[in-house]
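Each chain, letter by letter, is given below.
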Amino acid sequence: MTNPLMEAYPDHVAAMRLYGPEIHADPVAVYEEMRRKHGPIVPVLLDDDIPAWLVVGYRELHHVTSQPQLFGRDSRRWNLWDHIPENWPVRAFVSWQPSLVFTEGAERKLRGGAIGDALDTVDRIELNMICERVADRLIDEFSGDGRADLISQYAHRIPAEVVTRLYGLPESELPELVKDAYLVTDAGEESFPAGLRVMEQVNRLVAAKRARPGHDLTSHLLAHSAGLSDEQVVQDLMVLMLASHTPSSNWIGNTLRLMLVDDHFSMTLQGGRSSVGQALNEVLWRDPPTQAMPSRWAVRDCDVAGRRVRRGDLLVLGIAAANADPQVRPAAPVHSGANRAHMSFSHGEYGCPFPAPELAEIIAKTAIEVLLDRLPDVHLAVEPERLRWRPSVWVRGLEALPVLFSPAGPLGRRPAEHWES
Ligand code: HEM
């Protein structure tokens, strides 16, 4: 059957699909084929064969993300909304909401600035300590078993536990919030009701902090000179929770995987910590937690690398593809060392806001260092080839990371009462 949208999108007649088993199995190979056939900006079909542009060239991705006035964030300008099914799998990423995510111009500066300033009040040493305690407690839960799945029992649990602790909730309300935050990010059947519960809890928190401010992220956002309303603060705290959780947990998981499978890093997994930073950086090049983002809409007709992009077209940021662009990355496998010019936090006005990448790095680095300290002989329980990536073109994360280690007792060096301080 012919796709009725092709009349309006003639470049997409022979477009490759950005979904399905082929791209899930080996995304880098598919990106390379796309680059070879189409160049740096590729006509692609998203689920249900919805046309979009995938930016796979490094230079072109930099160009698109550097021009917020030409490539906007407000998804309401999409020229295909009339054709998008209600249950479209990508809807959650692109449906407009009154949060920071879809703002532009002066409002973006105000709200993005407030988020950045509030995040900057987080004491880095305290963040490190919170993270150590969370990591120790999680390891205590499985250290006696001699085996664990480092995704579900560790990497996937750390970011939400840490980030929600910055919000200023009473300790007794945290477990409920953290549990619901997992459910929301899991995108299963429970995701929607869990989202409503999180929203209610955050609403109550914002009302309480408006009445009695404290020294926490919520109170800093409320007190910011941007003068945000309670509703805006609720929206943006929700964004922070969701935007931080999955990328950070996949960053931890993908780095643990690299350290367990790659000889270059495995030496240090047995003892030293010196290469944790290097492994984290290597993962941002090779297996970036956010592989692609459907997050820019052309404000007017324009040309990008010789392609005619029309007003309202959707551009997908091909983060993993741009990182692998031979123009910036040699074909032979080399380690990236200290080179931080990857696009994994995106770039420009709508990229991951300062200082979120720095905080994410503290969380990820601490999580890995604590694991190295506690389980020095940790090793894979299966052959590396049996590790499975989750089938997604948007995020890069493992289904599971089964490991074995010598059983050890709980540490108990950071007792529970410290939480109350
Ligand atoms: C403490 C952890 C983190 C926090 C608080 C955080 C926060 C945020 C926020 C508030 C946004 C803006 C949402 C939007 O406008 O779409 C964002 C965007 C983004 N973040 Fe983060 N983030 C964290 C960790 C990470 C990590 C670990 C990665 C990947 C390595 C990442 C990659 C991105 C990307 C690619 C975008 C979007 C960009 C775009 O459309 O240009 N973030 N983040």
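Predicted model, so just to flag it, every value in this text is computed and none were measured. (Residues numbered from 1 in each chain as written. Predicted model: local features only at pLDDT ≥ 70, side-chain atom pairs only at ≥ 80, totals over all residues. Heavy atoms only, no water.)

1. So, the environment of Gly337
Quick reminder of the rule: The way it works is that DSSP assigns letters per residue, a run of H or I at least four long becomes a helix, a run of E at least two long becomes a strand, and they are numbered from the N terminus. Note on contacts: a residue pair is in contact if any heavy atoms of the two residues lie within 4.5 Å.
The topology assignment puts Gly337 in the loop between α15 (319–323) and α16 (356–374). Sequence separation of Gly337 and Ala135 is 202 residues, and the distance between their C-alpha atoms is 27 Å. Those residues in contact with Gly337, other than ones at most four positions away along the chain, are Gln278, Asn281 and Glu282.

2. Regarding the sheet that holds strand β10 (residues 379–380)
Strand pairs in the sheet, formed through backbone hydrogen bonds, run parallel or antiparallel to each other. So the rule is basically this: We call two strands paired when DSSP finds no fewer than two bridges between them.
What the three strands build is an open sheet, ordered β5-β11-β10; its pairing is antiparallel. Taken across any chain shown, the strands that pair with only one partner, and hence form the sheet edges, are β5 (147–149) and β10. Relative to strand β11 (residues 402–404), β5 runs antiparallel, the two being bridged by three bridges. Looking at β11, one finds that Asp149 is bridged to Pro402.

3. Considerations on helix α5 (residues 105–120)
So the rule is basically this: To estimate how far a helix should reach, multiply one less than its number of residues by 1.5 Å. Relative accessibility under 20% of the residue-type maximum defines a buried residue, over 50% an exposed one, and the middle range a partly exposed one, all with a 1.4 Å probe and only protein chains included.
For α5, built from 16 residues, the straight-helix expectation of 22 Å at 1.5 Å per residue is met to within 8% by its first-to-last C-alpha distance of 22 Å. Listed as buried for α5 are Arg108, Arg111, Ala114, Ile115, Gly116, Ala118 and Leu119. In the core, the buried residues of α5 are packed alongside α6 (124–142), α11 (217–223), α12 (230–261) and α16.

4. Quick look at the coordination of the iron atom of the ligand
Octahedral metal centres with six donors ideally show angles of 90 or 180 degrees, and tetrahedral centres with four donors ideally show 109.5 degrees. Filter applied, for reference: Listed donor atoms are N, O and S within 2.8 Å of the metal (Na, K and Ca: 3.2 Å). As water is not included, a site may look incomplete.
Among protein residues, the single donor to the iron atom of the ligand is Cys352 (SG), with a metal-donor distance of 2.4 Å. Mapped onto the elements of the fold, Cys352 is located in the loop between α15 and α16.

5. Here we look at the packing of α6 against α16
Short version of the rule: Each axis is a line fitted through C-alpha atoms, taken for helices only over the stretch in contact, and angles between the N-to-C directions span 0 to 180 degrees. What sets the label is the angle itself: under 35 degrees gives roughly parallel, over 145 gives roughly antiparallel, 65 to 115 gives roughly perpendicular, and the rest give oblique. Two helices cross in a left-handed way if the nearer one is turned anticlockwise from the farther one by less than a right angle. They cross in a right-handed way if the turn is clockwise.
At a closest axis distance of 9 Å, the pairing of α6 and α16 adopts a crossing angle of 40°. Judged on the interaxial angle alone, α16 and α6 are oblique. The chirality of how α6 crosses α16 is right-handed. Residues Arg124, Leu127, Asn128, Cys131, Glu132, Ala135, Asp136, Ile139 and Asp140 of α6 pack against Glu358, Leu359, Ile362, Ile363, Thr366, Ala367, Val370, Leu371 and Arg374 of α16.

6. Comments concerning the domain arrangement of the protein
The line we're drawing: What fixes the domain bounds is an automatic or database domain assignment. Throughout, buried area stands for the accessible area (probe radius 1.4 Å) lost by two parts on being put together, summed over both. In the sections that follow, a salt bridge refers to a side-chain nitrogen of Lys or Arg positioned within 4 Å of a carboxyl oxygen of Asp or Glu. For the purposes of these results, a polar contact is taken to be a pair of N or O atoms within 3.5 Å, where, inside protein, one atom must be able to donate a hydrogen and its partner to accept one; residues adjacent in sequence count only when each atom of the pair is a side-chain atom.
When its domains are assigned, the protein resolves into domain 1 (1–97 + 291–342) and domain 2 (104–282 + 344–392). Put simply, the middle of domain 1 and the middle of domain 2, counted by C-alpha atoms, are 27 Å apart. The partner domain 2 presents 20 residues to the 25 residues of domain 1 that form the contact. Between domain 1 and domain 2, the buried area comes to about 1,800 Å², and carbon and sulfur atoms account for 44% of it. Ranking the residues of domain 1 by area buried against domain 2 places His24, His335 and His342 at the top, with a combined share of 31%. Seen at the junction of domain 1 and domain 2, the total is two salt bridges. In this structure, the salt-bridge partner of Arg77 is Glu104, at a minimum N-O distance of 2.7 Å. Seen at the junction of domain 1 and domain 2, the total is ten residue pairs in polar contact (both at pLDDT 80 or more).

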